[in-house]
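Remarks on the overall topology
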Amino acid sequence: MATTPIKPTLDPVRDSQIRNLALAEEGALKLDWAAQHMPLLRQLRERFQQERPFAGKRVAICLHLEAKTANLALTIQAGGAEVAVAASNPLSTQDDVVAALVDRGVTAFAVHGATPEQYRGHLEALLDTRPDLIIDDGGDLVSMLHEKRPEQTTEIRGGCEETTTGVLRLQAMAKEGTLRFPMLAVNDAQCKYLFDNRYGTGQSVWDGIMRTTNLVVAGKTAVVVGYGWCGKGVAMRAKGLGARVIICEVDPIKALEAVMDGFEVMPVREAARHADFLVTVTGNRDCVVRDAIESLKDGAVLANAGHFDVEISKPDLRALAVSVRTVRRNIEEYRFADGRRVFLLAEGRLVNLAAGDGHPVEVMDLTFALQALGLRHVAQHALTPGVHRIPEALDEEVARMRLRAWGIEIDQLTPEQARYLQSWRTE
Ligand code: ADE
């Protein structure tokens, strides 16, 4: 689609491409439920209403469109921005929440289950709104800007990236010298990966698996492929649910960490033989391929929690299967010639979002407080093109806000202690 040089005037009801605006009432209930448990965004919204850090700015948000994200969009809107949203994954979109957003003045381009063409069309439509600032999750929006609309990159003041995969892609672009505007790596803030990646993914992945299959975890073997912050969370919660946990890693340090954390460690091919549940959470492709699939036992449940649906090889599953059928919502059965069946959840897409509601609300409140403060930082500072860290002061501010909201007090360094920590002298 050709880009227009003049900023169009957005009318959310007229311009949005969504399933059905009549779902707005139902979506509003979800949105308001989440809002009640997001005290950080509530405070920021009040602050932004006074400060108006985004006055006159267009903000394009490409995130998983569910209730917590909707509250982030409204927080940015309260800061004076004209906000438009599109989905970062076709299966995580909740049509009723999107309708509620449109009802509250946000332009949206997203439908649950969009085809790859529709999905790309929605990103194009989002970019046609000519944003000044962006929030991306996984890097598709930034890639599209650079690959298909390089002339538009000069209009972008900067943005924020939500996830590990997106930050890796941005870093690859920056290394090549192709990234043409500044992007804050929200994922790399401590208040993001320590809580969202670990506790958020840990809880939401098992929530997604359990609500989809209705199967017990206790007494079973859970294989977790990848022991980054997300994998640590998934493994920790599997252990808490009573599973025997096996970790697969390529990084010797992370593998050693898993051993010392008390888990068995072995290659995927070998671990697959033991798996009742196998969860990939690596951010890489082809982690479970033919050799592992061939050694899976009958009834194994496969799920992915990495950003893209490339971690478990669907081509290999299809090539080996003699039949494929949907046996329950979000469960596909692959039957092999020897009679074994394995079950793939949510088409191998992010199981916590495609078959659940994503991370718990309070966790996303932390992440989205970082996003809101990060975007304000980008709006207010002339950053150079490249990948930037969230300032430490913002990271700490978010932690303090969360502690305060829970009524938890902590100690403070005395001036003598602060001096002691900065001095190399013996007295
Ligand atoms: N909800 C909204 N965005 C999410 C994300 N990136 N991960 C999990 N849950 C989410």
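Above: the structure in question.
First, a word on scope: everything that follows refers to the structure included in this document. As the structure is a computational prediction, the values presented were derived from the model and not from experiment. (Residues numbered from 1 in each chain as written. Predicted model: local features only at pLDDT ≥ 70, side-chain atom pairs only at ≥ 80, totals over all residues. Heavy atoms only, no water.)

**Description of the sheet that holds strand β3 (residues 107-109)**
- Judged by pairing direction, the sheet is parallel, and its seven strands sit side by side in the order β3-β2-β1-β4-β5-β6-β15 without closing on themselves. Of all the strands in the sheet, just β3 and β15 (386-389) have a single pairing partner and so form its edges. Within this sheet the neighbouring strands show an average axis-to-axis angle of 20 degrees, counted without direction.
- As paired elements, strand β6 (residues 182-185) and β15 share four bridges and run parallel to each other. Each bridged residue has a counterpart across the sheet, and for Met183 the counterpart in β15 is Val387.
- Sitting on the sheet, helix α6 (residues 116-128) is in contact with β1 (58-63), β2 (82-87) and β3, with an inclination near 165 degrees to β2. (Pairing = 2+ DSSP bridges. Helix = DSSP H or I, 4+ residues; strand = E, 2+ residues; numbered from the N terminus. Axes fitted to C-alpha atoms, helices over the stretch in contact; angles between N-to-C directions. Contact = heavy atoms within 4.5 Å.)

**Considerations on the site of the ligand**
- Inspection of the region around the ligand gives His64, Glu66, Thr69, Asp137, Glu162, Leu353, Gly358, His359, Met364 and Phe368 as its neighbouring residues.
- Between Glu66 and the ligand, the recorded distance is 2.4 Å, taken from a side-chain N or O atom to a nitrogen atom.
- Glu162 places a side-chain nitrogen or oxygen 3.3 Å from a nitrogen atom of the ligand.
- With the chains in place, 93% of the 260 Å² that the ligand exposes on its own is no longer accessible.
- Here the shell around the ligand is built from residues that sort into three nonpolar, four polar and three charged. (Near = heavy atom within 4 Å. Polar contact = N/O pair within 3.5 Å; in protein donor to acceptor, adjacent residues only side chain to side chain. Areas by Shrake-Rupley, 256 points an atom, 1.4 Å probe, with all protein chains shown as cover. Nonpolar A, V, L, I, M, F, W, Y, C, P; charged D, E, K, R; others polar.)

**Quick word on helix α8 (residues 164-176)**
- The end-to-end C-alpha distance of α8 is 19 Å, a good match for the 18 Å that 13 residues give at a rise of 1.5 Å each.
- All of the buried residues along α8 are Thr165, Gly166, Val167, Leu170 and Met173.
- Where α8 is buried, its residues meet α7 (140-148), β5 (158-161), β6 and β15.
- Once α8 ends, the next one or two residues include Gly177, with phi positive near 80 degrees. (Expected span 1.5 Å × (residues − 1). Buried < 20%, exposed > 50% of the residue type's maximum accessible area, 1.4 Å probe, protein only.)

**Overview of the packing of α6 against α7**
- For the pair α6 and α7, the least separation of the axes is 11 Å and the interaxial angle reads 75 degrees. Considering their axes alone, α6 and α7 lie roughly perpendicular with respect to each other. Residue-level inspection shows Tyr119, Arg120, Leu123, Glu124, Leu126 and Leu127 of α6 in contact with α7, the latter providing Asp140, Leu141, Met144, Leu145 and Lys148.
- Looking at the contact of α6 with α7, its residues break down into seven nonpolar, no polar and four charged. (Parallel < 35°, antiparallel > 145°, perpendicular 65-115°, else oblique.)

**Some words on the sheet that holds strand β11 (residues 301-304)**
- If you walk across this open sheet you meet the eight strands as β9-β8-β7-β10-β11-β14-β13-β12, and the pairing is mixed. What marks the edges here is a single partner per strand, and that holds for β9 (264-265) and β12 (321-328).
- Bridging between strand β7 (residues 221-225) and strand β10 (residues 277-280) involves four bridges; their strand directions are parallel. Counted as the bridge partner of Ala222 is Phe277 from β10.

**Quick word on the side chain of Arg58**
- Tracing the backbone through its elements, the reader meets Arg58 in strand β1.
- According to the relative accessible area criterion, Arg58 is buried, its value standing at 7%.
- A polar atom in the side chain of Arg58 sits 2.7 Å from the side chain of Glu82.

**Here we look at the pattern of salt bridges**
- This structure, assessed with the given rule, holds 34 salt bridges.
- Asp128 is the partner of Arg149 in a salt bridge, and the nearest nitrogen-oxygen pair spans 2.8 Å. Residue Arg149 is found in the loop between α7 and β5, and its partner Asp128 is found in helix α6; the two are separated by 21 residues along the sequence. There is no split in this pair, since Arg149 and Asp128 are both buried.
- Three or more residues are tied together by salt bridges with common partners; here these are Glu124, Asp128, Lys148 and Arg149. (Salt bridge = Lys/Arg side-chain N within 4 Å of Asp/Glu carboxyl O.)

**Focus: the environment of Lys314**
- One can find Lys314 in helix α14 (residues 314-320).
- A C-alpha to C-alpha distance of 31 Å links Lys314 and Arg149, two positions 165 residues apart in sequence.
- Here Glu347 takes part through its backbone oxygen, which lies 2.8 Å from a polar atom of the side chain of Lys314.

**Focus on the packing of aromatic side chains**
- Summed over the entire model, instances satisfying the criterion amount to four aromatic pairs.
- Seen in terms of ring centroids, Phe48 and Phe54 are 5.6 Å apart; in terms of plane orientation they differ by 90 degrees. Their pairing is edge-to-face. Summarising the burial analysis for this pair, Phe48 and Phe54 share the class buried.
- Ring geometry for Tyr193 versus Trp229: centroids 5.3 Å apart, planes at 35 degrees, classification tilted. Of this pair, Tyr193 sits in helix α9 (residues 190-213) while Trp229 sits in helix α10 (residues 229-240), placing them 36 residues apart in sequence.
- Over the face of the ring belonging to Trp229 we find Lys232, whose NZ or CZ atom lies 4.9 Å from the ring centre.
- Between Lys239 and the ring centre of Phe263, over which it is positioned, the NZ or CZ distance is 5.2 Å. (Phe/Tyr/Trp six-rings, centres within 6.5 Å; stacked < 30°, edge-to-face > 60°. Lys NZ or Arg CZ within 6 Å of the ring centre and 35° of its normal.)

**Quick look at helix α2 (residues 24-36)**
- Look at α2: 18 Å from first C-alpha to last across 13 residues, which is about the 18 Å you get at 1.5 Å a residue.
- Of the positions making up α2, those classed as buried are Ala24, Gly27, Ala28, Leu31 and Ala34. Along α2, the residues classed as buried sweep out an arc of 130 degrees about the axis, all on the same side. Residues Glu25, Leu29, Trp33 and Gln36 are exposed on α2 and point more than 90 degrees away from its buried face.
- On its buried face, α2 sits against α4 (67-78), α5 (95-103) and α16 (361-380). (Arc of directions from axis to C-beta.)

Worth remembering: the numbers are spatial, not functional.
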